[in-house]
Amino acid sequence: MGLFVMFTSCQVGDKSVPTENASAEIIQTLQNIKGKATLFGHQDDLAYGVGWKYVDGESDTRRTAGDYPALFGWELGGLELGHPHNLDSVPFDRMRNFAVWVYENGGINTFSWHPYSAVDTTKNSWVNDTTVVKHILPGGSHHDVFLKHLDKVAEFFQSVKTSEGKAVPFIFRPWHEMDGGWFWWGSQTTTPEELRSLFRFTIEYLRDEKGLNQMVVAYSPDRNFNSEEEYLTWYPGDDVVDIIGVDNYWDFRSPEGIAAVIRKLETVATYANKTGKVAAFTETGSDRVQDTTWFTQKLLPALQASELTRQITYVMVWRNHGLNHFYLPYPEHPAADDFRQFTADKSIWLLNDLKGMK
Ligand code: BMA
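Everything quoted here is computed from the prediction, not taken from an experiment.

What follows concerns the pattern of salt bridges. Scanning the model with the defined rule gives 16 salt bridges in all. With a closest N to O distance of 2.7 Å, Arg-173 and Glu-283 form a salt bridge. Here the residue Arg-173 occupies a position in strand β8 (residues 170-173), and Glu-283 occupies one in strand β11 (residues 278-284), the gap between them amounting to 110 residues. Here the salt bridges share partners, and the residues they tie into one network are Arg-173, Asp-247 and Glu-283.

Printed below as a string of structure tokens:
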């Protein structure tokens, strides 16, 4: 990487205090590419794909487009209960190695977390009929259980380091899609104030108590907003968020929806500019890519719609679980050519493009 900024600003009260911060590497990279390119990302890319699992060096992105993604998504759900693998069966030991490989090969890691409920650990993230958040906040009946969950997450993050012992910087994207009703931290059971407290508590605990200075934080509601004010309903504060994001699958499903995708990306990019942060399209995709020109006719036009959408620093599609659930066309898939064209666009960067910049 060219110019390395070893210090970032972190807000304490109303003062800006420089802190030595490994996460600065990621922010600097994203600031450098802002307006020039959008990094392409894929969830679980190195772990498995359509028709393969845990084959060294394998990647559906590389199989189809000839190079790895620039950004790699990983999921932590299950870690909080001490499970050896996540809820999609990815062993945490392998995930740690993948994340180190990504860092050493010039890519960026981002972690999502779909935790089990600390109130009833038999319930996964997709429950919306009981109140959880109120009970896990400080003073709540299950706060101590939640702290143990966070300790597990912290311990894992601390263990992601190179063989020389350097902490691997990463993006953490907790409590996403809170504006939807499907998760236990979502709008069906949680007030905006509770969610903001949960988000803030989570980050302050990991960063300040556990010293995770290599962590960059992404805020990513789903598509349920029509103004900046609505977008910020759940926003925990500029001092605990670095990346201004959005998840949006839904709006792509109708032809008129692209305008909505664009409008929301513009809201995100505008707020990022206002606060000196970077904007990202944190999750999207079309399951099984049934629309075989989705990448060049939907996603690319959305990313290239305006100066603001061109400032989206990365876009990530979800995982390639198998033939019944995948977001990236495997080589024989009818959308493979379209995906190749998409990644060949000079504004879309895979791993080698990103390395070239550095
Ligand atoms: C969902 C699906 C699930 C998966 C979950 C967490 O969107 O892909 O199969 O368990 O994400 O990764």
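Having seen the structure, we can now continue with the description.
Once that is clear, we can look at the site of the ligand. The environment of the ligand is made up of Glu-75, Leu-87, Asp-88, His-114, Trp-126, Trp-318, Arg-319 and His-325. Between the ligand and the protein, one listed contact pairs an oxygen atom with a side-chain N or O atom of Arg-319 at 2.7 Å. When the free accessible area of the ligand is taken as 310 Å², the share hidden by the protein chains comes to 72%. Taken together, the residues of the shell around the ligand break down into three nonpolar, two polar and three charged.

With that settled, the discussion passes to helix α3 (residues 92-104). Residues lying three or four places apart along an α-helix face the same way, a consequence of the helix completing one turn every 3.6 residues. In this model α3 runs 18 Å from its N-terminal to its C-terminal C-alpha over 13 residues, within 8% of the 18 Å that 1.5 Å per residue would give. Turning to α3, its buried residues number three or more, namely Phe-92, Met-95, Phe-98, Ala-99, Val-100, Val-102 and Tyr-103. Check the buried side of α3 and you find it contacts α1 (24-33), β6 (71-75), β7 (108-112) and α5 (143-159). Among the residues trailing α3, Gly-106 stands out with phi positive, at a value near 85 degrees.

The end-to-end C-alpha distance of helix α6 (residues 192-209), which contains 18 residues, comes to 24 Å, matching closely the 26 Å that a straight helix rising 1.5 Å per residue would cover. Listed in full, the buried residues belonging to α6 are Glu-194, Leu-195, Leu-198, Phe-199, Thr-202, Ile-203, Tyr-205 and Leu-206. Axial view of α6: buried residues confined to an arc of 160 degrees, hence all on one face. When the buried face of α6 is taken as reference, the exposed residues oriented beyond 90 degrees from it are Glu-193 and Glu-209.

With that settled, consider the side chain of Thr-296. Residue placement: Thr-296 occurs in helix α9 (residues 294-303). What makes Thr-296 buried here is its relative accessible area of 11%. At a separation of 2.4 Å, a polar atom in the side chain of Thr-296 contacts the side chain of Asp-338. Sequence-distant contacts of Thr-296, defined by excluding residues within four places in its chain, comprise Pro-301, Asp-338, Gln-341 and Phe-342.

The next point concerns unusual backbone geometry. In this structure, Ser-89 is a non-glycine residue whose phi angle is positive, near 70 degrees. Relative to the elements of secondary structure, Ser-89 occurs in the loop between β6 and α3. Ser-89 sits in the partly exposed class, given a relative accessible area of 48%. You will see that Val-289, though not glycine, has its phi angle at about 40 degrees, which is positive. Here Val-289 lies in the loop between β11 and α9.

This part is about the nonpolar core. Counting residues in each nonpolar core, the largest one holds 111 residues, and the members touching the most others are Phe-40, Trp-74, Leu-76, Phe-111, Phe-172 and Phe-281. Of all the elements, helix α8 (residues 257-275) adds the most residues to this core, at eight residues. For Phe-172, the contacting residues outside a window of four places in its chain are Leu-76, Phe-111, Trp-113, Phe-157, Thr-202, Ile-203, Leu-206, Met-215, Val-216, Val-217 and Ala-218.

Moving on, we come to the environment of Ile-33. Of note, Ile-33 is situated in helix α1. A sequence separation of 281 residues divides Ile-33 from Tyr-314, and the C-alpha atoms of the two residues are 9.4 Å apart.

Parameters and conventions
Residues numbered from 1 in each chain as written. Predicted model: local features only at pLDDT ≥ 70, side-chain atom pairs only at ≥ 80, totals over all residues. Heavy atoms only, no water. Salt bridge = Lys/Arg side-chain N within 4 Å of Asp/Glu carboxyl O. Helix = DSSP H or I, 4+ residues; strand = E, 2+ residues; numbered from the N terminus. Near = heavy atom within 4 Å. Polar contact = N/O pair within 3.5 Å; in protein donor to acceptor, adjacent residues only side chain to side chain. Areas by Shrake-Rupley, 256 points an atom, 1.4 Å probe, with all protein chains shown as cover. Nonpolar A, V, L, I, M, F, W, Y, C, P; charged D, E, K, R; others polar. Expected span 1.5 Å × (residues − 1). Buried < 20%, exposed > 50% of the residue type's maximum accessible area, 1.4 Å probe, protein only. Contact = heavy atoms within 4.5 Å. Arc of directions from axis to C-beta. Core = buried A, V, L, I, M, F, W, Y, C linked by side-chain atoms within 4.5 Å.

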